[in-house]
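What follows is each chain in one-letter form.
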Amino acid sequence: MALLSKKDRALILDPLADNNPITIQVLGICSALAITAQLKASIVMALSVLFVVSVGNVVISLIRNIIPSKIRIIVQLIVVAALVIIVDQVLKAYAYELSKQLSVFIGLIITNCIIMGRFEAFALANGPWRSFLDGIGNALGYSVILIIVGFFRELLGSGTLLGIQVLGDPITKTGLYAIGYENNGFMLLSPMALIVIGIIIWVQRSRNSKLIEEH
Amino acid sequence: MEHLELFFKSIFVDNMIFATFLGMCSYLAVSKKVATAVGLGAAVIFVLGITVPLNWLLDQYILRDGALVWLGPEYASYDLSFLSFILFIATIATMVQLVEIVVEKFSPSLYNSLGIFLPLIAVNCAILGGSLFMQSREIATFGLAVNYGISSGIGWFLAILTIAAIREKIRYSNVPPPLRGLGITFIITGLMAIGFMSFGGMLTGGEEKAPEETAQVSKSTTPVLNQNISSENDVSAIQENSETSQDLLDTTNKKIN
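Values in this document were obtained by computation on a predicted structure and should not be read as measured data.

1. Side note on the overall build of chain A
For step 1, the next point in the chain: Scanning chain A from terminus to terminus reveals nine helices and two strands.
For step 2, the next point in the chain: N-terminal to C-terminal, the α/β element order of chain A is α-α-α-α-α-α-α-α-β-β-α.
For step 3, the next point in the chain: Taken along the three principal axes of its C-alpha coordinates, chain A extends 65 × 45 × 40 Å.
For step 4, the next point in the chain: For chain A, with 215 residues in total, the buried portion stands at 53%.
For step 5, the next point in the chain: Restricting to contacts in chain A with at least 6 residues of sequence separation, those with at least 24 account for 74%.
For step 6, the next point in the chain: By element, 66% of the accessible surface of chain A is carried by carbon and sulfur atoms, the whole surface being about 9500 Å².
For step 7, the next point in the chain: Counting 16 positive and 12 negative side-chain charges, chain A places the averaged centre of each group 8 Å from the other.

Laid out in structure tokens, this is it:
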């Protein structure tokens, strides 16, 4: 890894676990929960956020010295909104069904707190390359949680992964269904997303006791 | 009647927190104390009540397909809806600034209680989400848009108030250490969302499921707005469904045989 110094590598790897944007920094929850009933939607959402955070971080970092600090929120919002419009149009052109399914949640990337949080906390104070890495790292941390939640919800809820039946066919009773297994339709409902994230936080914090909060 | 229906639907059935998870970030961050939660909740109602109708006007007269026809017949074919994100967020950001200035000038006491929360709100997903849902649900009139904004704000307020009260009490309970703070809040919110799902049958008489997935949210909203689904239609739809599943069973049986 000659390309990345040790510090740069930390920028990417830290948000994956011990400084995860969702479970530790509590950012970007809104969109993380609503679209995770299916793995495919989670992956598309994760990729969209990856694009918006990394490119947005670079843009903000490049213009950080000429933004007047009083109106920086509006400047940041405009940059994000422009990037999100690109994502939205691309999705509408190449994955229309999926973009219908994600409905307003692509638009809501604009107000995803991870993005504003990274702009404020990192891109305004660092150079473009480091900001880019930071954006990638945080988006990956976000993606990990999204994909874990999407994986469990789709597997347990409808017995499929990416639309492919992996546990056998519930109608012809093959695979697991032959011995009486049933899909837990409750996993597809929104409250379960919250509970799955709660469990992820539980597992993560019992493995690393430094992260435990005092109420 | 239409108004009353939308009002209760936005508060209970399509509650911003429990059904669509909008504004989760500030919901989790500012719900440690009831007093601050009330302040933020009030600010959300206020801002939603202003921005949703404003964005409704923008959507109706500038953005949607053919909306520019008031400029002259040659503009009838313009569709600017791809610009809606940028226009909505710009409206929200400027309105929040404007509201802050006006409130500071005319009501210092209100400013003191809402003041610190107003800048936070510009990036609250609930505000932009309100406008985007207003657009995708095709709210029909200006009055309904005002109603929608205020009632979804009230729903949000209710959610943050209850979770703040629970979090104040839960300090006296013996929560497993790794779950303390964030973890238990997530799980409680999940349980509350399950509770709120029971409101799903309130307006539809239990015919329709509560909006649980994004796909269904966008589909289910239009029929509920013009709430004239005759029961006969429903019965026939159910029959059709059972027939198709019967067909499926038949074919599978044949395959097995």
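Additional details are given in the paragraphs that follow.
2. Concerning the pattern of salt bridges
Residue and element names in this part refer to chain B.
For step 1, the next point in the chain: Summed over the entire model, instances satisfying the criterion amount to four salt bridges over all chains.
For step 2, the next point in the chain: In this structure, Asp14 engages Lys9 in a salt bridge whose closest nitrogen and oxygen atoms are separated by 2.5 Å.
For step 3, the next point in the chain: Classification of Lys9 as buried rests on a relative accessible area of 10%.
For step 4, the next point in the chain: In this structure, Arg137 engages Asp14 in a salt bridge whose closest nitrogen and oxygen atoms are separated by 3.3 Å. Placement of the pair is Arg137 in the loop between helix H7 (125-136) and helix H8 (142-170) and Asp14 in the loop between helix H1 (2-13) and helix H2 (24-29), with a sequence separation of 123 residues.

3. Notes on the packing of helix H3 (residues 39-62) of chain A against helix H4 (residues 72-94) of chain A
Residues and elements named next belong to chain A.
For step 1, the next point in the chain: Put simply, H3 and H4 touch, their axes get as near as 10 Å, and they point 145° apart. The two elements H3 and H4 meet at a crossing, and its hand is right-handed. Facing H3, whose interface residues are Val44, Ser48, Phe51, Val52, Val55, Gly56, Val59 and Ile60, H4 presents Gln76, Val79, Val80, Leu83, Val84, Val87 and Leu91.
For step 2, the next point in the chain: Classifying every residue of the contact of H3 with H4 gives twelve nonpolar, three polar and no charged.

4. Quick notes on helix H4 (residues 84-106) of chain B
For step 1, the next point in the chain: Here H4(B) spans 32 Å end to end across 23 residues, near enough to the 33 Å set by a 1.5 Å rise per residue.
For step 2, the next point in the chain: Among all positions in H4(B), only Ser84(B), Phe85(B), Phe88(B), Ile89(B), Thr91(B), Ile92(B), Ala93(B), Met95(B), Val96(B), Val99(B), Glu100(B) and Val103(B) are buried.

5. Quick look at the packing of aromatic side chains
For step 1, the next point in the chain: Taken as a whole and judged by the stated rule, the model has nine aromatic pairs over all chains.
For step 2, the next point in the chain: Pairing Trp129(A) with Phe132(A) gives two aromatic rings, centres 6.0 Å apart and planes at 25°, and the pair type is stacked. Linking Trp129(A) with Phe132(A), this pair stays in helix H8 (residues 128-158), spanning three residues, or about one helical turn.
For step 3, the next point in the chain: Three or more aromatic residues joined by ring pairs form one cluster here, namely Phe7(B), Phe8(B), Phe12(B), Phe18(B), Phe196(B) and Phe199(B).
For step 4, the next point in the chain: Over the ring of Phe133(B) we find Arg137(B); its NZ or CZ atom is 4.4 Å from the centre of that ring.

6. Focus: the interface of chain B and chain A
For step 1, the next point in the chain: Between chain B and chain A, the contact holds 49 residues from the first and 48 residues from the second.
For step 2, the next point in the chain: At the junction of chain B with chain A, the criterion picks out zero salt bridges.
For step 3, the next point in the chain: For the side of chain B that touches chain A, the secondary-structure elements that each account for two or more residues are H2, H4, H7, helix H9 (182-197), helix H11 (214-225) and helix H12 (231-256) of chain B.
For step 4, the next point in the chain: Tallying contributions element by element places H9(B) first for the side of chain B that touches chain A, with ten residues.
For step 5, the next point in the chain: For the side of chain B that touches chain A, the per-class residue count stands at 32 nonpolar, 13 polar and four charged.

Calculation criteria
Residues numbered from 1 in each chain as written. Chains lettered and ligands numbered in written order. Predicted model: local features only at pLDDT ≥ 70, side-chain atom pairs only at ≥ 80, totals over all residues. Heavy atoms only, no water. Helix = DSSP H or I, 4+ residues; strand = E, 2+ residues; numbered from the N terminus. Buried < 20%, exposed > 50% of the residue type's maximum accessible area, 1.4 Å probe, protein only. Contact = heavy atoms within 4.5 Å. Areas by Shrake-Rupley, 256 points an atom, 1.4 Å probe, with all protein chains shown as cover. Lys, Arg positive; Asp, Glu negative; His and termini not counted. Charge placed at Lys NZ, Arg CZ, Asp CG, Glu CD. Salt bridge = Lys/Arg side-chain N within 4 Å of Asp/Glu carboxyl O. Axes fitted to C-alpha atoms, helices over the stretch in contact; angles between N-to-C directions. Left-handed = near helix turned anticlockwise from the far one by under 90°. Nonpolar A, V, L, I, M, F, W, Y, C, P; charged D, E, K, R; others polar. Expected span 1.5 Å × (residues − 1). Phe/Tyr/Trp six-rings, centres within 6.5 Å; stacked < 30°, edge-to-face > 60°. Lys NZ or Arg CZ within 6 Å of the ring centre and 35° of its normal.

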